Amino acid sequence: MSTSPRRWRWGLPVLAFALGAGGDASAPGAYCRLPEPGQEPECLAPAKSQYGEFFAGVEAGNPDESALEDVEEAVARGLGEEAYWALSSLAYGYYRLSQRAAAAPDANPLLVARLERWNAILARSYREAPDDSAYRSALREAADDLHQRAPAVRIECADAEGQPAPCGATEALLRGLDAAGSQVGVQGALLRVLERLFGGEETP
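Residues numbered from 1 in each chain as written. Predicted model: local features only at pLDDT ≥ 70, side-chain atom pairs only at ≥ 80, totals over all residues. Heavy atoms only, no water.

**Q** Give me the overall build of the protein: which residues, what numbers.
**A** From N to C terminus, the protein includes nine helices and two strands. Across the 204 residues that make up the protein, the buried fraction comes to 39%. Long-range pairs, those at least 24 residues apart, make up 66% of the contacts in the protein with a sequence separation of at least 6. For the protein, the computed accessible surface area is about 11300 Å², with 53% contributed by carbon and sulfur atoms. (Helix = DSSP H or I, 4+ residues; strand = E, 2+ residues; numbered from the N terminus. Buried < 20%, exposed > 50% of the residue type's maximum accessible area, 1.4 Å probe, protein only. Contact = heavy atoms within 4.5 Å. Areas by Shrake-Rupley, 256 points an atom, 1.4 Å probe, with all protein chains shown as cover.)

See below:
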C-alpha cells in the first residue's frame, strides 16, 4: 500500500505538532492533556466543538454509540487535525469512564469492554501510522497521560506464557503500544531487506 498520500496529508499537521509541542497544546496537531480537577483546558475546546455528543454522553455516563464510533473512526484514520481532536476526546472519555468503573464495587462490564476496545484501537492506530511520527508521538503521549492520571481498572490480559491474568487497563494500553511498535520495527526491517533484494521506488 502506498504511503505517499499519507505523507502529503500529514505535511502541515507534522509541522503544527512540532510548533505546538513547545507547550501550546491548543495548536493544531497537538494532543490535549487531561485536565486537572476543576479545570477546563482551552485546548479541549476544538474537540468539544467537533464531538459535542461524545462529551455529553461521557459526562452523563451513557455515551451514544454513533458518537463513540465517530471518535473511534477518526482516531483510527489518523488524518489531519481531526485525528488529534478525536484522540484528545478519546483520552478524556477513557479517563472519565475509568473513574466511573473504579468508583463502583464491581466494575461495569460494559465500561470494561469499552476500555479494552479503546486499547485495541489506540494500539492499531499506533501500528498503522509508522510514517506519521507526530501522530505516533501523540498516541504515546495520550497513553502515558492516561497511565499517570486514570484510576486503575482491572481487565483480563495475558501473562508471559499467554495465559489469562488480571492487569490494569492503562498498563495493558502501554503494553499494546509497545507490541505495536515492535511489529512496526520488524516490518520496517523486512521491507528494507526486500527493497535491497528486489529494488523499489526511490523516495526523495
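**Q** An account of the confidence of the model for the protein is needed here, citing residue identities and associated values.
**A** A residue-level look at the protein finds 73% of positions with pLDDT of 70 or above and a mean pLDDT of 78. Ranking the helices and strands of the protein by mean pLDDT puts helix α5 (residues 65–77) first, with 96, and helix α2 (residues 11–20) last, with 35. Confidence drops under pLDDT 50 across residues 1–26; counting only partners more than four residues distant or on other chains, this segment forms 34 contacts. Taken together, the stretch residues 185–197 has pLDDT below 50 and engages in two contacts with residues farther than four places along the chain or on a different chain. (pLDDT = per-residue confidence, 0-100.)

**Q** Explain the state of the cysteines to me, using residue names and the numbers behind them.
**A** Disulfides are covalent bonds that connect the sulfur atoms of two cysteines. The tally for this structure, following the rule as stated, stands at one disulfide. Paired by a disulfide, cysteine 32 and cysteine 43 hold their sulfur atoms 2.0 Å apart. Handedness here is read from the sign of the S-S torsion; for cysteine 32 and cysteine 43, about 60°, the answer is right-handed. Residue cysteine 32 is located in the loop between α2 and α3 (45–50), and its partner cysteine 43 is located in the loop between α2 and α3; the two are separated by 11 residues in the primary sequence. Judged by relative accessible area, cysteine 43 falls into the buried class, the value being 15%. (Disulfide = S-S within 2.5 Å.)

**Q** Lay out the packing of helix α6 (residues 80–103) against helix α7 (residues 109–127) in plain terms, naming residues and giving numbers.
**A** Contact pair α6 / α7: the axes reach a minimum separation of 10 Å and the direction vectors enclose 150°. Overall, the two elements α6 and α7 adopt an arrangement that is roughly antiparallel. Two packed elements cross with a definite hand, and for α6 against α7 that hand is left-handed. Of α7, the residues touching α6 (which contributes Leu87, Leu90, Gly93, Tyr94, Leu97, Ser98, Arg100 and Ala101) are Leu111, Arg114, Leu115, Trp118, Asn119 and Leu122. Looking at the contact of α6 with α7 residue by residue, the classes come out as nine nonpolar, three polar and two charged. (Axes fitted to C-alpha atoms, helices over the stretch in contact; angles between N-to-C directions. Parallel < 35°, antiparallel > 145°, perpendicular 65-115°, else oblique. Left-handed = near helix turned anticlockwise from the far one by under 90°. Nonpolar A, V, L, I, M, F, W, Y, C, P; charged D, E, K, R; others polar.)

**Q** How would you explain the environment of tyrosine 126 if you had to name every residue and give the values?
**A** Note that tyrosine 126 resides in helix α7. Accessibility expressed as a relative area gives 11% for tyrosine 126, which makes it buried.

**Q** For the environment of phenylalanine 55, give the residues involved together with the corresponding values.
**A** One can find phenylalanine 55 in helix α4 (residues 52–60). Judged by relative accessible area, phenylalanine 55 falls into the buried class, the value being 5%. In this structure, the C-alpha to C-alpha distance between phenylalanine 55 and leucine 68, residues 13 residues apart in sequence, is 9.4 Å. Filtering out sequence-adjacent residues up to four positions away, phenylalanine 55 remains in contact with Leu44, Ala47, Lys48, Ser89 and Tyr92.

**Q** Give a description of the pattern of salt bridges that names residues and reports values.
**A** Here the structure, examined in full by the defined rule, presents 11 salt bridges. When the shortest N-O distance is used, the salt bridge between glutamate 65 and arginine 114 registers 3.0 Å. Remark: arginine 114 occurs in helix α7 and glutamate 65 occurs in helix α5; sequence separation between them is 49 residues. The exposure class of arginine 114 is buried, given its relative accessible area of 14%. In the salt-bridge network here, residues are joined through shared partners; they are Glu65, Glu72, Arg114 and Arg117. (Salt bridge = Lys/Arg side-chain N within 4 Å of Asp/Glu carboxyl O.)

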